Each structure stands twice: as C-alpha cells, then as structure tokens.
Amino acid sequence: MRGPCGEIAFVPVAEIARDFGTPTYVYDAAAIVERIAELSRFDVLRYAQKANSNLAVLDLCRRHGALVDAVSAGEIHRALAAGFDAQGDPPPIVYTADVFDRESLDCVIEHGIAVNCGSPDMIDQYGESTGGGGEITLRINPGFGHGHNRKTNTGGAHSKHGVWHEDLPDCLARARRHGLRITGAHMHIGSGADLEHLAQVAGALERLAPQLGGDLHTLSAGGGLPVPYRAGEPASTPETLASYFRLWDAARRRLEARLGRALRLEIEPGRYLVAEAGTLVTEVRAVKRQGGNHFVLVDAGFNTLARPAMYGAYHPMSLLPKNSRAAGAGLEERKVCEVVVGGPLCESGDIFTQDEEGMVRTQPLPEAQVGDLLLIGCAGAYGFSMSSNYNSKPRAAEVMISGGRAHLVRARETGADLMRGERIP
Ligand SMILES: *Cc1c(COP(=O)(O)O)cnc(C)c1O
C-alpha cells in the first residue's frame, strides 16, 4: 500500500469505506503503472487478465502500452470492451487455452483473435474452423513446472497445460495439414515461481523452438513473476528483473543467430502487475473467543477472496480503528494478540488465516473491536476475479484510485443481481 498508514494511495481508507461500503477492493492505479514500466525492456508486455479483469484495469494497461492475454470468450469480450483492437501486429489480444469450448472457438473466429494452442486438438479445431490458412502459436509444456503451490504449477507431467514437449512433430504435422503457420512458441510453467525456476524456461524454449520450423517470429516467456506476500519473501528487484531480461534476451539472440531471423520477445505477467496494487477493505463484525482461539470475523469471506481457503495463501493484514483516520492512531492502548481471521460464510473453511492443509493458524493484530476496518493487503491479483456468489453473497465493490481520487469501477452487486436469469417454472 503506498502512502501513510490508514491511506491507500493517499486517500483515507475510512472515507473509502464510508463512501463505498465494505467489503470493497481498492486498486492503486499508479502502482500498476509502475509495474508495467518495470518490464518495458521486453518487446511486448501481455497482461494475463485472469489475475484481475476489471475494465478499468484493462483500460489502464492498454493506455500504458500493454497488450492482453485472454483465456475465455468472456475475457476476449472484456478486452474488446476496454478498447483493445481485435487484430494487429503484434496481436493486441491472444487467446491462450488448452481447449476451445464452442463459445470461445466461435468468438476467436468471429473477431479474428490470435490463438495460442495448448493441445493438439485445438490445432485441428482451429484449422477446421478457419477452413485452412492462418497462423497459430503453441504453448509448450517443457516437462517441468513450478508454482507457489501445487495448484499453481502449470508445467510437468501432472499439469494439463500446454502441448507436451515431445509432441511438437505431431503438432507441426497437424498445423501443416490445415495450412496453419506456427509463428510463436510460448511457455508458462506456473504462478508465483521463483526466478531461478523461471530462468530454466528460457533454456527449454531455446532448445525446443528450432523444431517449430521457418515461420517462428515470437517467443513468450509466460508469466509467473513472484510477488512478496510476506515481509522477507524475495521480491523482484530492478536488478533481478534486469538479469531475468538479460537471460531471455541472450536466449533470443542465440536463436536469432541460429534461425537467421528476428524474434520478438514477450512477457505475460498477471499477478506481478496487480497483486500489490490491491487492498481488500473489510469491516470487523464480531470478535469472540473459542477455547484458546481469538476470532476476528469480518464481512468478507472466501466468496470475496478465495486464495487463503484455496491455497493456504498468506495475506498481510492491518487494523484501522473505527473513527480514526490513521492506522496506529487509537491503537496505542490496544494490545497485540494472535488472532484467527474469518468471514461470514456458513462454512468452517471460511478462514483467512490458514495453512495449505487447511489448518487454522494465527496472525498478530491489535485487539479488534466491532466497527474497526481490517485491511487485507496484496489482494489485487486473483482476488475479485476468483470471487463468487457462494452463500448468496453479492460480490464486492471495486474502487480504483487515480489522480488522488477514488473512482467506483464496479458497483457492489445487489440482491437482484444474484437472481438474474433465474425463474420458477
Ligand atoms: C495465468 C497465466 C499467466 C499469468 O500468471 P501470473 O502468475 O499471474 O503471472 C500467464 N500466462 C498464462 C497462459 C496464464 O494462464
């Protein structure tokens, strides 16, 4: 969170809660723009919008020169609505997936969206739909992967993602049969991997790319850049990012020399651009002791932020006493204790402080009172975009702060939104 305690990007959190209610996701536009600028050495920065696909975030990325990745027809519609062109060179929108559901196949054909195929069947289905001709890129599974959690590991034999590295000759033959040129090679081995594991990808892509034939002109390093959720976790510094780029650039240049042609280098981060820019603002609604545990229950649950329940993910938290403008102010008399933070859902797993196995853990917080605000940090990536209506809870509001002002970028859902499309026969 940029700015003094109790403020997000210099707007008081108490004002945001008063004006927009809670729970509310708050995004700092300037923090996203900073992250985009840090990756400007790559020829193309392609934002993996599944991390946070709010139109305001997509628009911000577009205005700052990023292109976009889409994993569904819905994400293609979002990119178009945010002003990305359907076609161009480099393609403004790329559809990356391991399957075409019928809706996404119709959508890429209708709009002429570039496709990055993660299975041999996709090549055939695309080739049949275009009626021959055109181009594709291949997402390759190099046979290894890495992520912050086994659920975010997207490479190796246990992962469903990408075309298996030994199947490239088969993919080439299929493409040739449909008159499709393979113009790009892409790898994405996991989310929140460390830079050493990510670096192995460059070597694997360099080894495999020459098999793809004479039309190759784009290499994509995928995403996965790590974010420090916990104090002391390794952060990507300007130095580590520079050396990561150098490694990819060197692989690219060696391949260029070998293939005798220029290659464009793309990077495809999701989490890295938006995670730290987002804060989930919640209100404390109950405080109770159960045996030895001290529970703080807020108005957001795993319907609002799923990462702790899904992966045992850690999020930093801070407390803002009710009626105070600055965190810290009014906290002097409150003693710090180890607390379990949970939400309102009728589900025992609705706990923000849990480990990967679902065991409850604790986090130190000043003693909370009903009406205090609890700020859950590093919530900009895979926060709102993974939220649901479980327990018939309306999804949270989203607010973006830019130019020192808070703008509502998605209204809180209403009871009517919850039942839209339902009918009693
Ligand atoms: C999810 C995804 C990304 C982004 O991953 P992050 O860890 O959020 O950077 C990039 N590329 C593809 C194909 C993805 O599915």
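Residues numbered from 1 in each chain as written. Predicted model: local features only at pLDDT ≥ 70, side-chain atom pairs only at ≥ 80, totals over all residues. Heavy atoms only, no water.

Asker: It is not clear to me how the overall build of the protein chain should be interpreted in this structure. Could you clarify?
Answerer: Of regular secondary structure, the protein chain possesses 12 helices and 20 strands. Over its C-alpha atoms the protein chain spans a radius of gyration of 23 Å, differing by no more than 12% from the 22 Å that the globule rule assigns to 425 residues. Overall size of the protein chain, expressed as C-alpha extent along the three principal axes, is 70 × 60 × 45 Å. Restricting the contact set of the protein chain to residue pairs at least 6 apart, pairs at least 24 apart contribute 71%. Taken as a whole, the protein chain presents about 18200 Å² of accessible surface, with 51% of it coming from carbon and sulfur. (Helix = DSSP H or I, 4+ residues; strand = E, 2+ residues; numbered from the N terminus. Rg over C-alpha atoms; globule rule 2.2 N^0.38 Å. Contact = heavy atoms within 4.5 Å. Areas by Shrake-Rupley, 256 points an atom, 1.4 Å probe, with all protein chains shown as cover.)

Asker: I would appreciate a short explanation of the nonpolar core in the present structure.
Answerer: Side chains of nonpolar character tend, in soluble globular proteins, to be buried together. In terms of nonpolar packing, the biggest core is built from 106 residues, with L138 and I140 touching the most fellow members. If one sorts the elements of this core by residue count, helix α8 (residues 195–208) sits on top with seven residues. In this structure L138 touches N116, C117, I123, V163, L168, C171, I182, G184, A185, H186 and L212, once residues within four positions along its chain are discounted. Judged by nonpolar contacts, the second largest core, of 13 residues, contains A9, A17, V26 and L373. (Core = buried A, V, L, I, M, F, W, Y, C linked by side-chain atoms within 4.5 Å. Buried < 20%, exposed > 50% of the residue type's maximum accessible area, 1.4 Å probe, protein only.)

Asker: Which parts of the structure should I look at to understand the pattern of salt bridges?
Answerer: The full count for this structure, using the stated rule, is 20 salt bridges. Note that D19 and R18 form a salt bridge whose closest N and O atoms lie 3.0 Å from each other. E413 is the salt-bridge partner of R410, the closest N and O atoms lying 3.5 Å from each other. One salt-bridge network, in which partners are shared between bridges, spans D43, D249, R252 and R253. (Salt bridge = Lys/Arg side-chain N within 4 Å of Asp/Glu carboxyl O.)

Asker: What am I meant to see in a negative patch on the surface here?
Answerer: A cluster of acidic residues, D101, E103, D106 and E110, forms a negative patch at the surface. Owing to a relative accessible area of 53%, E103 belongs among the exposed residues under this scheme. (Patch = residues over 30% accessible without salt bridge, like charges linked within 9 Å, V, L, I, M, F, W, Y side chains within 5 Å. Lys, Arg positive; Asp, Glu negative; His and termini not counted. Charge placed at Lys NZ, Arg CZ, Asp CG, Glu CD.)

Asker: How should the packing of aromatic side chains be read in this particular structure?
Answerer: Two aromatic rings are characterised by how far apart their centres lie and by the angle between their planes. Overall, the coordinates contain seven aromatic pairs when judged by the stated rule. Each ring, one from Y25 and one from F384, has its centre 6.2 Å from the other, and the planes form 80°; the classification is edge-to-face. Highlighted residues: Y25 in strand β3 (residues 24–28) and F384 in the loop between β18 (373–376) and β19 (397–402), separated in sequence by 359 residues. Side by side, Y25 and F384 carry an identical accessibility label, which is buried. Judged by centre distance (6.3 Å) and plane angle (20°), the ring pair of F100 and Y126 falls under stacked. Here F100 is found in the loop between β6 (93–97) and α5 (102–111), whereas its partner Y126 is found in helix α6 (residues 120–130), with 26 residues between them in sequence. Look at Y126 and you get buried, because its relative accessible area is 9%. Within the aromatic cluster, the residues linked to one another by ring pairs are Y25, Y27 and F384. (Phe/Tyr/Trp six-rings, centres within 6.5 Å; stacked < 30°, edge-to-face > 60°.)

Asker: For this particular structure, what's the right way to read the environment of Y25?
Answerer: Note on Y25: relative accessible area 0%, which makes it buried. Separated by 378 residues in the primary sequence, Y25 and G403 have C-alpha atoms spaced 18 Å apart. At 3.5 Å, the side chain of Y25 and the backbone nitrogen of F384 are in polar contact. (Polar contact = N/O pair within 3.5 Å; in protein donor to acceptor, adjacent residues only side chain to side chain.)

Asker: Help me understand the site of the ligand in this model?
Answerer: Close to the ligand lie 15 residues; K50, S191, E268, R271 and Y382 are nearest. At a separation of 2.7 Å, an oxygen atom of the ligand approaches a polar side-chain atom of K50. In the environment of the ligand, an oxygen atom lies 2.8 Å from a nitrogen or oxygen atom belonging to the backbone of G224. Against a free-state accessible area of 380 Å², the protein chains account for coverage of 95% of the ligand. (Near = heavy atom within 4 Å.)

Asker: Would you mind showing me how to read the environment of V94 here?
Answerer: Mapped onto the elements of the fold, V94 is located in strand β6. Along the backbone, V94 and R46 are 48 residues apart, and their C-alpha atoms lie at a distance of 8.7 Å. Residues within four places of V94 in sequence aside, it is in contact with R46, V68, D69, A70, A114 and N116.

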